[in-house]
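Examination of the molecular architecture
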Number of protein chains: 2
Amino acid sequence: MERWANTAPLSLRQIQVTDTFWKKEMELVRTEVIPYQWEALNDRVEGAAPSFCMRNFKVAGKMNRERQRLGQAYVEPAYTFRGFEALPEDPENPGDHFYGFVFQDSDFSKWIEAVGYSLTQHPDPALEAVADQAIDVVCAAQQPDGYLDTYYIINGRDKTFSNLRDHHELYCFGHLVEGAVAYYQATGKDKLLQAAVRFADYVGSCFGPEEGKCKGYPGHEIAEMALVRLYETTGEKKYLELSRFFVDQRGTRPYYFDLEHPESVKKGEENALRHFYHQAHLPVRQQEEAVGHAVRAVYLYSGMADVARLTEDAGLYAACQKLWDNIVEKKMYLTGGIGATHMGEAFSFAYDLPNDTAYAETCASIGLVFFARRMLQIAPDARYANVMERALYNGILSGMALDGRNFFYVNPLEVEPAACRQDARKAHVKPVRQKWFGCACCPPNLARLISSIGSYAFTENEDTLFVHLYMGSVLTKKTGGKDVDICVESAFPWNGEVRIRVRANGAKGFKLALRLPDWCDSYAVEGAGENPCEKDGYLYVQKEWGEEDTISLSFPMEVKLVEAAPRVREDIGRIAVTRGPIVYCLEEADNGKDLHLLSLDGAAAPAVEDFCVCGEPVKAVLCPGYRRVADEAAEKEGLYRPYRPARKEAVMLRFIPYYTWANRGENEMQVWTRVE
Amino acid sequence: MERWANTAPLSLRQIQVTDTFWKKEMELVRTEVIPYQWEALNDRVEGAAPSFCMRNFKVAGKMNRERQRLGQAYVEPAYTFRGFEALPEDPENPGDHFYGFVFQDSDFSKWIEAVGYSLTQHPDPALEAVADQAIDVVCAAQQPDGYLDTYYIINGRDKTFSNLRDHHELYCFGHLVEGAVAYYQATGKDKLLQAAVRFADYVGSCFGPEEGKCKGYPGHEIAEMALVRLYETTGEKKYLELSRFFVDQRGTRPYYFDLEHPESVKKGEENALRHFYHQAHLPVRQQEEAVGHAVRAVYLYSGMADVARLTEDAGLYAACQKLWDNIVEKKMYLTGGIGATHMGEAFSFAYDLPNDTAYAETCASIGLVFFARRMLQIAPDARYANVMERALYNGILSGMALDGRNFFYVNPLEVEPAACRQDARKAHVKPVRQKWFGCACCPPNLARLISSIGSYAFTENEDTLFVHLYMGSVLTKKTGGKDVDICVESAFPWNGEVRIRVRANGAKGFKLALRLPDWCDSYAVEGAGENPCEKDGYLYVQKEWGEEDTISLSFPMEVKLVEAAPRVREDIGRIAVTRGPIVYCLEEADNGKDLHLLSLDGAAAPAVEDFCVCGEPVKAVLCPGYRRVADEAAEKEGLYRPYRPARKEAVMLRFIPYYTWANRGENEMQVWTRVE
């Protein structure tokens, strides 16, 4: 493996995604999610709880103007900390207070990030104008010292950075940076970027190894990777150093969060456990197990990978690899879902992957994609891209309805709607997607991921284009001063035939690195020159490029029955159906009630069927199996009765892509089916 | 079915239990539990959290004496309500405050009840003297008006009966009555009974249908059945009427608990749901589904059955039958465990019987036995006794270690110790029994049940002795002025041969009603006269009795493989092993780690083996099965890999009685095993 390959994602300005599959998702984000989200940020959605996001920026801006008028450093507000989520006592007269979750500012940042990405793929002056006005509102709230978090601007700056553990201040900072960079890269407009730089400089003046500076680190990670992005955008090394400081400071003793919250320190309690949730139980280089809040965890690991890559830090990279392996080998659902328990939205212990109480938050899988791409940037190895693909087509896409209007936070692998309603232990599992969330993290996160999907499909270094995902695209890669024009045609995820047309335009030494997916045992390639070589799951194509070369790839998409490692107790005696990158599930709409009574014939040959789920053309899989037949005599025997080999009838089971479930009303679903 | 049979449990003074199996349990209670409990009540257990129980009575008594000295109605204390559980701020100087759970008084009442029962089987003057002194302490705390709950005596009588929902005042009252009646019936001493009567009269002066009286009812039921017992002991009908008032008042609108707790009433919330926990969502006659806190529920249903029997109330009886059927047909574990969810220690929805997160509180199964016997008293039908037997030998006895020194609250049907330690969702499931509990409900409840087990084995009416449980015993039944002497010999639960010797002593018309267990398909009987007849699961023997008659019964105890109704999702594809009344389980100690990798050959013939668990001679069951064999090549393929039919090796599985599990150190256990 080529360590420190230091490849970069392709700029979205170099690529147009034309892919039938992903373009549709991007259009949903553009036409449904982004406009809806803007209304939500402005509290204009009928029937939804107000976000207060833009309102908070406006209140903070007003206080700012007042401060300038009075010549004060800042206006001292009536000091009223209102806990994690503040709601107006009198909604008619909310007054100049902060409302909503403490991290409400980040809703704007995620939105502007998605807008930026979207504009690269679909220029939209009207949207851009709205975004520019929003940026004006946000920037007006910035303090003279660069600080920009409305919770503390409104409630009182004297408490700034006093509750890093719980108050998401550095999380909002990180998202602001991410959004600002994205918007700048998309539009070239730097007003928000400059604001982010000033905020970053302020943060840098407060935190660091120097004497007198705060030794804390974010309670919810993201600033680590955001600062690296700011470094890569501005070239200012201090941002990379601040990121490294946050990474290295984490988990050192004495625990910063204990110093910050002495009231949480109980005598005799094992300290480390208390810090699992924040991944702050050990210095990150010593961490070998993915623990705690899953989104926080993968955001941290993403930042660690970024820092490792740019500082060529072998120890930090080794920690990233161990954590990656721990997730993928012991803590990941077949769908790419992570975070098995709703208690703390967290990783559970190794091999504990319950299907019906799964948490598997959409955002956590998105974070896993962030982590995967950063590992690919260090060293291109298909095992990262395989997981990225798995998460994207399954556990992430399941977070959004086919119409782009409803969302899952939680992505279970088995659902009985009656149980979700009646069993408080499953209260987090929803049998139908929800309109929006008070704590709206997943929909905006989906929006920013999907609208930037091209930067996950392709990375590059000086002479090589890495194709991680076979996504129809038109792109340009610069190499040796020449523009190589590339066109990828694919019908993924339904068909494994791929054509890549290359116009090298005289570029010398240009290479293509084509991922060989783990779900096919063989492949065919044409037009790859004489000696394409395989390495770490990629086919490297280096040849004398003509005027236009076409490389044809064929990845057979066979239906595969898969099983889990026997240590996964919940899946013992069960199998799942996959085809290509797609994980399948049974849904009641196709197979009737009581899916647990169905079983699969492990020896039978499945067939592929053209099918439609709510207008979405998909490949379904038909697989012979059985349905346990009710035994009327036995039913009368009550709850427990003598065992008899089950009476069953042969049935044809229809499996649909997991990401399309719950689009046809509330019904049962299951991924893992008993095998006979 | 003979409704309103109105049979009574045999007085413990008429019976000596000689049974090898149960006598051992009773001796454990006598020699281990009762002495330990007395130390606990007096805060003398090294390392255990103090109970404060007897201390509270002493503090209340001291305040009482002070009151008399000053001629006041009662001493007004520093009014310091300290919530549900109060602990001293300074343990060295606790002062004259109430400490412990609000229901701490009931610890004494349960203890004195167990002591009473135990004295009938094993006279012990030293224990009786200790009990008499304890009674003196308790009675000294009683107020002039009869009130006797130390929480309010110490904290201030002005709040008496102001929080029926949460503060267990009528629960403590109920337990006091139960204990007082038991001790009186055992010893003939009525000091505590008189105190209970005065307390009951005080409660009766406060609650009732009359104008000006409180229309509330207990937040935790038990007073209902306790008052019936007081009625049956004293003949005072007012206690039956008060019980009926509590039963009928429950769940009427407006909800009493809403009037008491207006702060709990949220606008727009469905009211009934809020009252499920207390079974106060509907008038009890309209209740058809067992819901809410399982112990509360079965205590209520027991009281309902008592009232129905004594008032020959067909509507109330019909409700009892519906609730019984709902539990037994939809909400009961194979072990007789009830209350499937730890959230509210409550019944879950129909057929939701998860094995590894089961709650199945020991006390709830004990309450189910209370309910069962009361249903038997109304109409002898073996279906009640079958469940009683199932709960006693399995889900209840599992609550106590074989050495009588450690206890389970929660009785899961599947345990992986690592999961219990690492998964907060299973925090309630303990892989080893605990020494004692701060909230010590189960051990004292076990003590009072086991030491009175004879009154569950046998009930009687004028001319008939009902044998519900085949328990070695020597007993006397009065009929027509004659004493019929009966001796039951049995080696239950290991051997189904029973001999019953009867000396009728000239009694005319004496009948035996012998339960025909549901676990055997046939039986043999000798010496039952010419025309024994079967009715509702009992064999009625009426014959010309000679000087000494011997009836021999033979109930074949075959190993049976049982399955659950297919609607129990957790048990689909799995079977359990039973023999006679005993439910079996696999334990790691006998079968190695990873019990989920084992499967049972559903067609193979099991064998019975004499076995020993920590000195306890039992019958184990050996059953051919398989262990899935690790596939080293597959292990390297990671978490998910192509399905292959499992490689497995033939193994002999050893099943031990469920009640003996967790006596050989922490290890895995499972009741339901996959079948192949």
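This one's a predicted model, so the numbers in the text were calculated from it and none came from an experiment.

**Some thoughts on the relation of the copies chain A and chain B**
Screw-axis analysis of chain A against chain B gives a translation of 0.0 Å along the axis, an RMSD of 0.0 Å, and a rotation angle of 180°. Put plainly, the chains are arranged around a two-fold axis. Across chain A, the rotation axis passes nearest the C-alpha of R425 of chain A, at a separation of 4.2 Å. Of all interface residues in chain A, 100% are interface residues in chain B too; the two copies therefore contact each other through one and the same surface.

**Quick notes on empty space enclosed by the protein**
Residues and elements named next belong to chain A. A complete count under the given rule lists eight cavities of 30 Å³ or more for this structure. Of the pockets and cavities examined, the largest cavity occupies roughly 70 Å³. Per-element accounting of the lining of the largest cavity gives the leading share, five residues, to helix α1 (residues 20-41). Across the lining of the largest cavity, the residue classes tally to two nonpolar, four polar and three charged.

**Details of the packing of aromatic side chains**
Per the counting criterion, the structure on display carries 82 aromatic pairs over all chains. Their ring planes at 80° and their centres at 4.9 Å tell us that F161 of chain A and F207 of chain A sit as a pair that is edge-to-face. Of the two residues, F161 of chain A is situated in the loop between α5 (150-155) and α6 (169-187) and F207 of chain A in the loop between α7 (191-206) and α8 (223-234); the sequence distance between them amounts to 46 residues. Like F207 of chain A, F161 of chain A is buried. Look at Y470 of chain A and F492 of chain A: their rings are 5.5 Å apart centre to centre, the planes differ by 55°, and that puts the pair in the tilted class. Here F492 of chain A lies in the loop between β9 (482-491) and β10 (495-503) and Y470 of chain A lies in the loop between β7 (464-467) and β8 (473-479), a separation of 22 residues in the sequence. Its end group placed over the ring of Y456 of chain A, R373 of chain A keeps NZ or CZ at 4.6 Å from the ring centre. If you follow K648 of chain B out to its NZ or CZ, it ends over the ring of Y626 of chain B, 4.6 Å from the centre.

**Some thoughts on the pairing of strand β23 (residues 648-657) of chain A**
All names here are of chain A. Bridging between strand β18 (residues 582-587) and β23 involves three bridges; their strand directions are antiparallel. Paired with L586 across the bridge in β23 is F655. The pairing of strand β21 (residues 616-628) with β23 spans eight bridges and is antiparallel. What sits directly across from R628, in β23, is K648.

**Things to note about the side chain of E113 of chain A**
One can find E113 of chain A in helix α3 (residues 105-121). Contacts of E113 of chain A, omitting those with residues within four sequence positions, involve E178, G179, A182, R229 and R448 of chain A.

**Side note on the domain arrangement of chain A**
Residues and elements named next belong to chain A. Annotation of chain A at the domain level lists domain 1 (461-554) and domain 2 (559-675). The interface of domain 1 with domain 2 comprises four residues on the first partner and 11 residues on the second. For the domain 1 and domain 2 pair, buried surface summed over both sides reaches about 690 Å², with 61% attributable to carbon and sulfur atoms. In terms of surface lost to domain 2, no three residues of domain 1 exceed P493, W494 and W519, which account for 90% of the buried area on that side. Counting the contacts that link domain 1 with domain 2 gives one salt bridge. We note a salt bridge from K560 to D521, for which the minimum N-O separation is 2.8 Å. Counted by class, the side of domain 1 that touches domain 2 contains three nonpolar, no polar and one charged residues.

**Quick word on the layout of surface pockets**
Where empty space is left becomes clear once a probe the size of a water molecule has been rolled over the atoms. Size it by volume and the second largest pocket reaches roughly 890 Å³. Lining the second largest pocket are 30 residues, and of these E637, Y640 and R641 of chain A together with R390 and D518 of chain B sit closest to its centre. Every element with two or more residues in the lining of the second largest pocket is listed here: β22 (640-642) of chain A together with α13 (314-330), α15 (382-396) and β16 (559-564) of chain B. The biggest single contributor to the lining of the second largest pocket is α15 of chain B, with six residues. Here the residues of the lining of the second largest pocket sort into 14 nonpolar, five polar and 11 charged.

**Description of the interface of chain A and chain B**
In this complex, chain A contributes 53 residues to the contact, which on the side of chain B involves 53 residues. Between chain A and chain B we count 12 salt bridges in total. Taken together, chain A and chain B are joined by 24 residue pairs in polar contact (both at pLDDT 80 or more). Breaking the side of chain A that touches chain B down by element, the ones donating at least two residues are α13 (314-330), α16 (417-422), β16 (559-564), β22 and β25 (673-675) of chain A. Take the side of chain A that touches chain B: its biggest share by element is four residues, from β16 of chain A. Residues belonging to the side of chain A that touches chain B are distributed by class as follows: 27 nonpolar, nine polar and 17 charged. Where β22 of chain A lies against β16 of chain B, three bridges are found, and the strand directions are antiparallel. Its bridge partner lying in β16 of chain B, P642 of chain A is registered against V562 of chain B.

**Some remarks on the environment of T459 of chain A**
Residue and element names in this part refer to chain A. Tracing the chain through its elements places T459 in strand β6 (residues 458-460). In this structure the C-alpha to C-alpha distance between T459 and A650, which are 191 residues apart in sequence, comes to 48 Å. With sequence-adjacent residues up to four places away left out, T459 is seen in contact with T7, A8, P9, L10, R373, T464, L465, F466 and H468. Looking at T459, its side chain comes within polar contact range of the side chain of H468, at 2.8 Å.

**Brief notes about helix α12 (residues 294-311) of chain A**
All names here are of chain A. With 18 residues, α12 should cover 26 Å at 1.5 Å per step; its first-to-last C-alpha distance of 26 Å lies within 8% of that length. Most of α12 is tucked away: 16 of the 18 residues are buried. One or two steps after α12, the chain reaches E312, where phi turns positive at roughly 45°.

Thresholds applied
Per chain, residue numbering runs from 1 following the sequence as it is written. The naming scheme follows written order: chains are lettered A onward, ligands numbered 1 onward. The predicted origin of the model limits local features to residues at a pLDDT of at least 70 and limits the giving and counting of side-chain atom pairs to 80 or more, whereas totals for whole chains, interfaces and linings rest on all residues. As a convention, hydrogens and water are excluded, and side-chain values are obtained from all of the structure's heavy atoms. C-alpha atoms of residues with pLDDT of at least 70 in both copies form the basis for the least-squares superposition of the copies. What makes two residues a contact is simply this: any of their non-hydrogen atoms within 4.5 Å. Cavities and pockets are defined on a 1 Å grid built over the protein atoms alone: a cavity is a set of grid points where a 1.4 Å probe fits but cannot escape, while a pocket is an open set with protein on both sides within 12 Å along at least five of seven lines, and lining residues are those with an atom within 4 Å of any such point. Grid points are joined across faces, edges and corners, and a volume is the space filled by probe spheres set on the points. Only DSSP runs of H or I covering at least 4 residues are called helices, and only runs of E covering at least 2 are called strands; the numbering of each starts at the N terminus. In the scheme used here, Gly and all other residues not listed as nonpolar or charged are polar, with Ala, Val, Leu, Ile, Met, Phe, Trp, Tyr, Cys and Pro taken as nonpolar and Asp, Glu, Lys and Arg as charged. Stacked, edge-to-face and tilted labels apply to pairs of Phe, Tyr and Trp rings (six-membered ring for Trp) whose centres lie within 6.5 Å, assigned for plane angles under 30 degrees, over 60, and everything in between, in that order. Partly exposed describes any residue whose relative accessible area lies between the buried limit of under 20% and the exposed limit of over 50%, with all areas from a 1.4 Å probe on protein chains only and scaled to the type maximum. Criterion for a charge above a ring: Arg CZ or Lys NZ at most 6 Å from the ring centre, at most 35 degrees from the ring normal. The pairing criterion for strands is at least two bridges between them, as found by DSSP. The source of the domain bounds is an automatic or database domain assignment. By buried area we mean how much accessible surface two parts lose on assembly, using a 1.4 Å probe and totalling the loss over both. Should a side-chain nitrogen of Lys or Arg be within 4 Å of a carboxyl oxygen of Asp or Glu, the pair is scored as a salt bridge. Side-chain atoms alone can form a polar contact between residues adjacent in sequence; in general such a contact is a pair of N or O atoms within 3.5 Å, and within protein one must be able to donate a hydrogen while the other accepts it. The length a helix should cover is 1.5 Å for every residue beyond the first.

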